[in-house]
Amino acid sequence: MLMKFLPTLVFAAAAPSASSARADEAQFLKSLDGNWSGTGMVKVLIYSPAINVTCKIKSKATPSALTLNGKCTGLVVFSRVIGADLKVHGAKYTGSYVGSQSGTAALSGSRSGNAINLAIRWATEVNGDRAAKMTLEKVGNNGMRLTTVDNDPATGKSVVVSRIDLHRS
């Protein structure tokens, strides 16, 4: 009789509960809370030259949300307010991104290890379509990397259009 219920018991013991998944996400989000500064590069368009930037970002985390607000500047020609508002529902992240010339973009994705991998849906066409990818990655205890990748419409190859390496400030 015990053998009849054993697979169910093993599955129940091995499967993470929804509350432990929420706790994991809350702990991860909390680790991104704070003031960040750093440097990186941004391409305004996929074929344009990279502009070296300096960025300052403030992040605010709750158990179910992460908000990033900041500014990146480079040379005399580039200054842009950037920000993201993410909400977590179970294992899924949704939200919005501000920082593109196209307007506010929609974000959706999930976390894998120390990275939140997000699909971007631009407000208008950028580099031939409305899709790109963004990764928000925790690097060590005091680092965060923001990377945006788009596809070259001519070749279909992935091109890094921004990469910003931040540290706690």
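For the structure itself, look to the data block above.
As the structure is a prediction and not an experimental result, all values here were calculated from the model.

1. What about the overall build of the protein chain?
Here's step 1: From N to C terminus, the protein chain includes two helices and ten strands.
Here's step 2: From first element to last, N terminus to C terminus, the protein chain shows the α and β order α-α-β-β-β-β-β-β-β-β-β-β.
Here's step 3: The burial tally for the protein chain puts 39% of its 169 residues in the buried class.
Here's step 4: Across the protein chain, the fraction of contacts at a sequence separation of at least 24, relative to all contacts at a separation of at least 6, is 34%.
Here's step 5: Carbon together with sulfur atoms contributes 59% to the accessible area of the protein chain, which is approximately 9700 Å² in total.

2. Things to note about the nonpolar core
Nonpolar side chains in soluble globular proteins tend to end up buried together.
Here's step 1: If you look at the biggest cluster of nonpolar residues, it comprises 34 residues, and the most contacted ones within it are Val53, Tyr93, Leu136, Met144 and Leu166.
Here's step 2: When neighbours within four sequence positions are excluded, leucine 136 is seen to be in contact with Leu32, Leu66, Leu68, Asn114, Ala115, Ile116, Met144, Arg145 and Leu146.

3. With respect to the side chain of glutamate 25
Here's step 1: Relative to the assigned elements, glutamate 25 resides in helix H2 (residues 18-30).
Here's step 2: Classification of glutamate 25 by relative accessible area gives buried; the value is 9%.
Here's step 3: Among the polar contacts listed, one links the side chain of glutamate 25 to the side chain of arginine 111, at a separation of 3.0 Å.

4. Structural notes on a nonpolar patch on the surface
Here's step 1: Among the surface-exposed residues, Leu75, Val76 and Val77 lie close enough to one another that they form a single nonpolar patch of about 410 Å² accessible area.
Here's step 2: Within the element layout of this structure, leucine 75 appears in the loop between strand S3 (65-74) and strand S4 (78-89).
Here's step 3: In this structure leucine 75 comes out as exposed when scored by relative accessible area, which is 72%.

5. A short note on the packing of aromatic side chains
Here's step 1: According to the stated counting rule, one finds one aromatic pair in the structure shown.
Here's step 2: The aromatic ring of phenylalanine 28 is capped on one face by arginine 111, whose charged end is 4.4 Å from the ring centroid.

6. Digging into the sheet that holds strand S9 (residues 143-151)
Here's step 1: Spatial strand order, S1-S2-S3-S4-S5-S6-S7-S8-S9-S10: ten strands in a closed barrel with antiparallel pairing. Sheet twist, expressed as the average angle between the axes of neighbouring strands with direction ignored, equals 25°.
Here's step 2: With seven bridges joining them, strand S1 (residues 34-42) and strand S10 (residues 158-168) adopt antiparallel strand pairing. Along S10, the bridge assignment pairs threonine 39 with aspartate 165.

About the thresholds
Numbering of residues starts from 1 in each chain and follows the order in which that chain's sequence is written. The model is predicted, so local features are restricted to residues of pLDDT at least 70 and side-chain atom pairs to those at 80 or more, both for listing and for counting; the totals for chains, interfaces and linings are taken over all residues. As a convention, hydrogens and water are excluded, and side-chain values are obtained from all of the structure's heavy atoms. Helix and strand labels come from DSSP, where a helix needs a run of H or I of at least four residues and a strand needs a run of E of at least two; each type is numbered from the N terminus. Each residue's exposure class comes from its accessible area (1.4 Å probe, protein chains only) as a fraction of the maximum for that residue type: buried when under 20%, exposed when over 50%, partly exposed otherwise. The contact criterion used throughout is that any non-hydrogen atoms of two residues lie within 4.5 Å. Here, Shrake-Rupley sampling with a 1.4 Å probe gives the accessible areas, and only protein chains in the shown set may cover a residue. The term nonpolar core refers to a set of buried residues drawn from Ala, Val, Leu, Ile, Met, Phe, Trp, Tyr and Cys, joined through side-chain atoms within 4.5 Å. In the analysis that follows, any N or O atom pair within 3.5 Å is treated as a polar contact, provided that within protein one partner can donate a hydrogen and the other can accept it, and provided that, for residues neighboring in sequence, both atoms belong to side chains. Each patch groups residues whose relative accessible area exceeds 30% and which form no salt bridge, using 9 Å between like charges and 5 Å between nonpolar side chains of Val, Leu, Ile, Met, Phe, Trp and Tyr. A pairing counts as a salt bridge when a side-chain nitrogen of Lys or Arg comes within 4 Å of a carboxyl oxygen of Asp or Glu. Here the aromatic set is Phe, Tyr and Trp, taking the six-membered ring for Trp, and pairing holds for ring centres within 6.5 Å; pairs whose planes are under 30 degrees apart are stacked, those over 60 apart are edge-to-face, and all others are tilted. Charges are assigned to positions over rings by a cutoff of 6 Å between ring centre and Lys NZ or Arg CZ, combined with an angular limit of 35 degrees from the ring normal. At least two bridges found by DSSP between two strands are what make those strands a pair. Every axis corresponds to a line fitted to the C-alpha atoms, with the helix fit spanning only the stretch in contact, and the corresponding angles, defined between N-to-C directions, vary from 0 to 180 degrees.

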